[in-house]
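# Residue-level structural notes
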Amino acid sequence: MENLKCRGFFVLLLLLPLLFNQVSGDRIDSSLSVSKEEPAITFPLTVPAIDDEVHNALSQADQEIASLLSLSAHERNETNTILRLEEILTRLDSRLLKYQTLASLYPDQDLQNAAFMAAEKRDTYIRNLSSHDELYRSILETKPTSEYGRWLYDQETRFFRFGGALRSEEEKTRLSSLYQELGSLQNQYIMHIRENHPLTENLNTLTKIAILRNSIASLLGYATWTDLTADEQGWRINRTDISSMLDEITPLVKELVKPVTSELLQRKRSRDPIATEVFDYETDLLITSQQRNKSPNTRDFSLPFHRTISRTIALFSCFFGVRTELVADARAYAPRVLLFRIADEKTHDTKGWFYLDLEERPGKTKEWMTALIAGDGGVRKDEGSLPAPVFIVSGTSDATIVQRGFGKEEYSLLFHELGHLYTRILAGSAQSSSQPAIIPVELTEASSHLFEYLAFSPEILSILMAPKSPLETQNGDKIMQYSIMSDPYAPENRLNLGKDMAIGILDHRFTQSPDSISFGEAYAEIYTEITGVKSTDHGGYLLRSPHLTGDTAGMYWIYPVGQLYAMILFSKIKESGILNRSTWDDFIHQIILPADTESRSEIRLIHFLDTDTPDFLDRGNHTHQKATDINWSYVPGCIERILSG
């Protein structure tokens with residue numbers, strides 16, 4: 001710990017000349033350029049306007065589909081059929097996809113209800129289109145000629161296969177009925193959670209949902225829902241691959257977690273000498289009792305609201321080598337929602353936009369999320385130009401956040417969601433004439449967790465806390481204490497990793513065979529096996545959460561895998577320098593955009609770690625404990641601009 005404190009002091013000392021060379025004040029644009037370029041997306045602010053947009057978008061799509069189908073077989077080619085269908089669906093989603101998210105964000109209940117209905121109409125239209133026999137035949141009859149055309153052909157034929165096109169009317173009716181029943185049960189499950197129904201009811205509904213999903217998968221030719229989801233999402237892995245990954249990673253997680261449990265047992269024995277076990281309800285108290293005299297109260301953590309947003313976004317721009325601009329006076333769907341444009345640092349070409357919605361208002365969802373609302377918001381369409389997606393980054397804090405500033409949890413979640421956002425935009429901007437770059441889903445999650453960890457590093461906290469002097473005893477000590485407490489290898493984070501690993505394994509098994517697993521007993525057994533902590537809850541809290549249903553069903557494995565990968569990435573980045581330009585160049589070109597865009601996550605990690613062995617745990621622990629000099633080449637340029645704003 002002494003080495004860490006000395007190293008942190010060295011960090012702050014080197015930053016000191018920059019920290020006082022900047023203006024004070026809490027302004028949103030203090031370190032960001034300003035743009036006037038908005039995406040080609042509208043937000044109707046009345047119910048009739050929403051209804052009109054939905055009607056017009058669906059009518060236009062109908063006309064364009066009819067025109068495509070009017071072509072004779074000998075007239076069809078890649079451009080007027082395969083690429084044309086993609087254009088039609090992209091245009092439709094540029095107008096209607098947003099309503100899935102706006103249904104929980106509009107500032108008025110009537111608008112939310114209208115958005116919900118709009119999203120339902122869009123989903124129904126897409127579902128019906130995916131079962132359209134004639135349209136499917138038109139794609140099958142068209143031969144793609146380019147590499148991108150072949151990739152798109154594969155995507156479109158899968159779209160129709162999942163929708164049941166060219167199946168018998170009986171099979172289509174059955175598939176439609178199953179999907180309707182699935183939607184009804186999922187809504188029922190969410191309602192049961194909100195109304196605090198007994199856990200036995202929730203488990204019964206969850207089991208029915210899982211069985212129903214596997215019935216849909218079977219009808220579509222897949223062994224389980226996980227196999228169907230993996231293929232549909234383009235993961236390039238299947239259920240067997242996921243099982244193997246979990247088998248390989250579980251021993252590593254155990255090695256990280258069980259020493260923490262052993263230490264907690266020793267603490268417990270200081271007041272109960274005959275204790276032989278640590279129970280799940282004791283872990284938080286045992287950890288905090290040790291930290292109480294060493295760590296600052298998390299309620300004291302506060303960073304100025306607007307300035308933190310400005311500098312955090314500027315930091316992400318530095319790390320990813322892009323330019324992020326505030327779009328002044330942008331039109332949005334609610335008051336005090338900010339719009340930002342992300343552009344190439346050299347060419348200034350737009351890579352994407354995002355709306356930042358962090359203030360509380362009645363009816364707004366409390367969930368933090370990063371949601372795609374349009375696949376392309378580009379205004380000018382030059383030949384060969386890449387799509388510029390539009391996102392919403394939303395989170396809810398209490399009404400006093402602007403006055404009191406970001407708390408520890410809100411600050412952490414801000415970095416998590418921006419990690420998602422910038423990773424997705426950067427990966428999407430690498431699309432070539434062949435096919436889009438697809439980052440493995442577990443690495444997308446790893447990136448967001450990585451930035452949660454980096455948020456509490458002394459380097460980044462010092463930048464965000466300026467102009468307060470980090471070398472004043474009180475501020476310097478707080479920075480170091482927050483950094484130590486939020487370290488990914490801290491006891492609390494290791495235990496959380498173990499818990500998420502248990503949930504991921506349970507979810508994976510339950511998704512495959514829900515009718516043959518005793519949910520509570522399986523959770524307790526897996527949790528205790530991984531962590532060494534005795535479970536008394538039996539996973540009941542999971543039945544009060546939507547994580548195991550909806551779009552995330554069968555996908556919880558990405559969270560523990562992502563966390564473990566993030567710990568390893570953090571160790572490497574900390575070793576080579578958090579503010580080192582070459583570190584982030586390697587991260588971008590070996591993790592997000594490797595030369596082989598189809599490489600698996602473990603291969604990308606091996607290249608980034610510059611090692612010939614996939615022994616991630618040994619590498620992670622080694623680099624985490626290693627104290628090295630930091631390359632400060634990143635500070636004079638990008639970081640200095642942040643602090644001079």
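Residues numbered from 1 in each chain as written. Predicted model: local features only at pLDDT ≥ 70, side-chain atom pairs only at ≥ 80, totals over all residues. Heavy atoms only, no water.

Another point: the overall build of the chain. Scanning the chain from terminus to terminus reveals 25 helices and six strands. Within the span of the chain, comprising 645 residues, buried residues form 55% of the whole. Residue pairs in contact within the chain that sit at least 24 positions apart in sequence constitute 74% of those at least 6 positions apart. Here the chain displays about 28300 Å² of accessible surface, and carbon together with sulfur accounts for 49% of that area. (Helix = DSSP H or I, 4+ residues; strand = E, 2+ residues; numbered from the N terminus. Buried < 20%, exposed > 50% of the residue type's maximum accessible area, 1.4 Å probe, protein only. Contact = heavy atoms within 4.5 Å. Areas by Shrake-Rupley, 256 points an atom, 1.4 Å probe, with all protein chains shown as cover.)

Here the focus is the pairing of strand β3 (residues 338-344). Judged by how many residues are buried, β3 sits mostly within the fold: five of seven residues are covered. Of the strand pairs in this sheet, strand β2 (residues 322-327) and β3 are connected by six bridges, and their pairing is antiparallel. If you follow L326 over to β3, its bridge partner there is F340. Counted along the chain from β3 to the antiparallel partner strand β4 (residues 350-357), the turn is five residues long, and its residue H348 has a positive phi close to 70°. (Pairing = 2+ DSSP bridges.)

With that settled, consider the nonpolar core. If you look at the biggest cluster of nonpolar residues, it comprises 127 residues, and the most contacted ones within it are F320, F354, Y411, Y422, W557 and F587. The residues contacting Y422, other than those within four sequence positions of it, are I313, F316, S317, F320, V322, T324, I342 and F354. In terms of nonpolar packing, the next biggest core, distinct from the first, is built from 47 residues, I41, A119, F160 and Y355 among them. (Core = buried A, V, L, I, M, F, W, Y, C linked by side-chain atoms within 4.5 Å.)

Now for the confidence of the model for the chain. When pLDDT is averaged along the chain, the result is 84, and 84% of the positions lie at 70 or above. Looking over the chain, one finds the lowest element-wise mean pLDDT in helix α1 (residues 2-19), namely 43, and the highest in helix α2 (residues 47-69), namely 97. In the predicted structure, residues 469-473 sits below a pLDDT of 50 and forms twelve contacts with residues beyond four places in sequence or in another chain. Here residues 622-633 is a poorly scored stretch, pLDDT under 50, and it has 28 contacts once near neighbours within four places are set aside; other chains count. (pLDDT = per-residue confidence, 0-100.)

A word on the packing of helix α22 (residues 581-592) against helix α23 (residues 601-609). Two elements in contact, α22 and α23, have axes separated by 8 Å at closest approach and are oriented at 155°. By the angle between their axes, α22 is roughly antiparallel relative to α23. Note that α22 runs across α23; the crossing there is right-handed. In contact with T583, D586, F587, Q590, I591 and I592 of α22, α23 contributes R604, L605, H607 and F608. Per-class residue counts for the contact of α22 with α23 are five nonpolar, three polar and two charged. (Axes fitted to C-alpha atoms, helices over the stretch in contact; angles between N-to-C directions. Parallel < 35°, antiparallel > 145°, perpendicular 65-115°, else oblique. Left-handed = near helix turned anticlockwise from the far one by under 90°. Nonpolar A, V, L, I, M, F, W, Y, C, P; charged D, E, K, R; others polar.)

Spatially, β1-β2-β3-β4-β6-β5 is the arrangement adopted by the six strands of the open sheet, whose pairing is mixed. Each end of this open sheet is capped by a strand with a single partner; those strands are β1 (33-35) and β5 (369-374). Strand-to-strand twist of the sheet, defined as the mean angle between neighbouring strand axes without regard to direction, takes the value 35°. Running over the sheet, helix α13 (residues 305-320) touches β2, β3 and β4 and is turned about 150° from β2.

With that settled, consider the environment of K499. With respect to the helices, strands and loops of the structure, K499 is situated in helix α19 (residues 491-512). The exposure class of K499 is partly exposed, given its relative accessible area of 30%. With residues near it in sequence (within four places) discarded, K499 still touches Y523, Y527, T531 and Y541.

Attention now moves to α13. Its 16 residues give α13 an end-to-end C-alpha distance of 23 Å, which sits within 8% of 22 Å, the value for a rise of 1.5 Å per residue. Taking burial as the measure, the 16 residues of α13 include 15 buried ones, the bulk of the element. Residue G321 follows α13 closely and has a positive phi angle near 65°. (Expected span 1.5 Å × (residues − 1).)

Once the charged atoms of two side chains with opposite charge are near each other, the side chains can pair. All chains considered together, the criterion is met by 26 salt bridges. Across the salt bridge formed by E359 and R336, the nearest N and O atoms sit 3.0 Å from each other. On the criterion of sequence distance, the pair formed by E359 in the loop between β4 and β5 and R336 in the loop between β2 and β3 is long-range, its members being 23 residues apart. Judged by relative accessible area, which is 17%, E359 ranks as buried. Residue classification places R336 among the exposed positions, given a relative accessible area of 56%. Note that D585 and R581 form a salt bridge whose closest N and O atoms lie 3.1 Å from each other. Taken as a pair, D585 and R581 lie in helix α22 at a separation of four residues, close to a single helical turn. A relative accessible area of 29% means that D585 is categorised as partly exposed. The partly exposed category is assigned to R581, whose relative accessible area is 22%. Bridged by salt links that share partners, the residues E37, R323, E325 and R341 form one connected network. (Salt bridge = Lys/Arg side-chain N within 4 Å of Asp/Glu carboxyl O.)

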